[in-house]
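# Results of the structural survey
Here's the letter readout for the chains.
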Amino acid sequence: MSTDMIAAGNALAATLEAENAALAVLDLPRATGLLADKRRGIEALAGAQGVPARRDAAERMAHRLQALAAENKRLLERAIAAQGRVMAVVARSAAPQAAPAGYGTARGQRPVAFALAARA
């Protein structure tokens, strides 16, 4: 494996490990902050393709990156689902609430005006 490919693979693996650690604790801002590093790592690895490499080292790096990428996908899906649940709670809490029944209104109708006079 060429030194360029090893360096690129190790850099990408380190970035995926850091992103996976952030996603595991749902630290989405930290995970999002690693996006540029992840893109650079992928580009560097793609640029190192085609350079003669030792087969066994290349296979080990490929397996490591596949495992990290699969874990990254699982954690991203989990984070997206959690964020969706939070957004649903926020949306429900922001929705207008209907007036309770028996409060002078029926659902969908305007409240009835009334006056109350009391003399002592």
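Keep in mind the model is a prediction, meaning the values are calculated, not measured. (Residues numbered from 1 in each chain as written. Predicted model: local features only at pLDDT ≥ 70, side-chain atom pairs only at ≥ 80, totals over all residues. Heavy atoms only, no water.)

## Focus on the overall build of the protein
From N to C terminus, the protein includes 4 helices and 0 strands. The N-to-C order of helical and strand elements in the protein reads α-α-α-α. Across the 120 residues that make up the protein, the buried fraction comes to 23%. By sequence separation, contacts in the protein at least 24 residues apart represent 75% of the contacts at least 6 residues apart. (Helix = DSSP H or I, 4+ residues; strand = E, 2+ residues; numbered from the N terminus. Buried < 20%, exposed > 50% of the residue type's maximum accessible area, 1.4 Å probe, protein only. Contact = heavy atoms within 4.5 Å.)

## Quick look at helix 1 (residues 3-24)
Taking 1.5 Å per residue as the helical rise, helix 1 with its 22 residues ought to reach 32 Å, and the 31 Å between its terminal C-alpha atoms agrees with that figure. For helix 1, the full list of buried residues reads M5, A8, G9, L12, A13, T15, L16, E19, N20, A22 and L23. Elements in contact with the buried residues of helix 1: helix 2 (28-33), helix 3 (35-47) and helix 4 (55-94). Among the residues trailing helix 1, L26 stands out with phi positive, at a value near 55°. (Expected span 1.5 Å × (residues − 1).)

## Looking at the packing of helix 1 against helix 3
In contact at an axis separation of 8 Å, helix 1 and helix 3 are set at 155° when each is read in the N-to-C sense. As the angle between them shows, helix 1 and helix 3 are arranged roughly antiparallel. For the element pair helix 1 and helix 3, the recorded crossing hand is left-handed. Contacts between helix 1 and helix 3 pair M5, A8, G9, L12, T15, L16 and E19 from the former with D37, K38, G41, I42, A44 and L45 from the latter. Looking at side-chain class alone, the contact of helix 1 with helix 3 contains 7 nonpolar, 3 polar and 3 charged residues. (Axes fitted to C-alpha atoms, helices over the stretch in contact; angles between N-to-C directions. Parallel < 35°, antiparallel > 145°, perpendicular 65-115°, else oblique. Left-handed = near helix turned anticlockwise from the far one by under 90°. Nonpolar A, V, L, I, M, F, W, Y, C, P; charged D, E, K, R; others polar.)

## Examining the environment of L68
The topology assignment puts L68 in helix 4. Once the C-alpha coordinates of L68 and E19 are considered, the two residues, 49 residues apart in sequence, prove to be 9.8 Å apart. Ignoring any residue separated from it by four or fewer positions in sequence, one finds L68 in contact with A13, L16, E17 and N20.

## Here we look at the pattern of salt bridges
Scanning the entire structure with this criterion turns up 6 salt bridges. A salt bridge links R64 to E17; the shortest N-O distance between them is 3.2 Å. Pair noted here: R64 is in helix 4 and E17 is in helix 1, with a separation of 47 residues, a long-range link. Residue classification places E17 among the partly exposed positions, given a relative accessible area of 39%. (Salt bridge = Lys/Arg side-chain N within 4 Å of Asp/Glu carboxyl O.)

## Concerning the nonpolar core
Counting residues in hydrophobic clusters, the biggest one holds 10 residues: M5, A8, L12, A13, L16, L45, A48, M61, L65 and L68. If one sorts the elements of this core by residue count, helix 1 sits on top with 5 residues. For A13, the contacting residues outside a window of four places in its chain are R64, L65 and L68. One finds A22, L23, A31 and L75 within the second-largest nonpolar core, a separate group that totals 5 residues. (Core = buried A, V, L, I, M, F, W, Y, C linked by side-chain atoms within 4.5 Å.)

## Description of helix 4
Note on helix geometry: an α-helix contains 3.6 residues per turn, so any two residues three or four positions apart are oriented the same way. Across its 40 residues, helix 4 extends 57 Å between first and last C-alpha, which sits within 8% of the 58 Å expected from 1.5 Å per residue. A57, M61, L65, L68, N72, L75, A79 and A82 are the residues of helix 4 that are buried. For helix 4, the elements touching its buried residues are helix 1, helix 2 and helix 3.

Any link to function would need more than the numbers given here.
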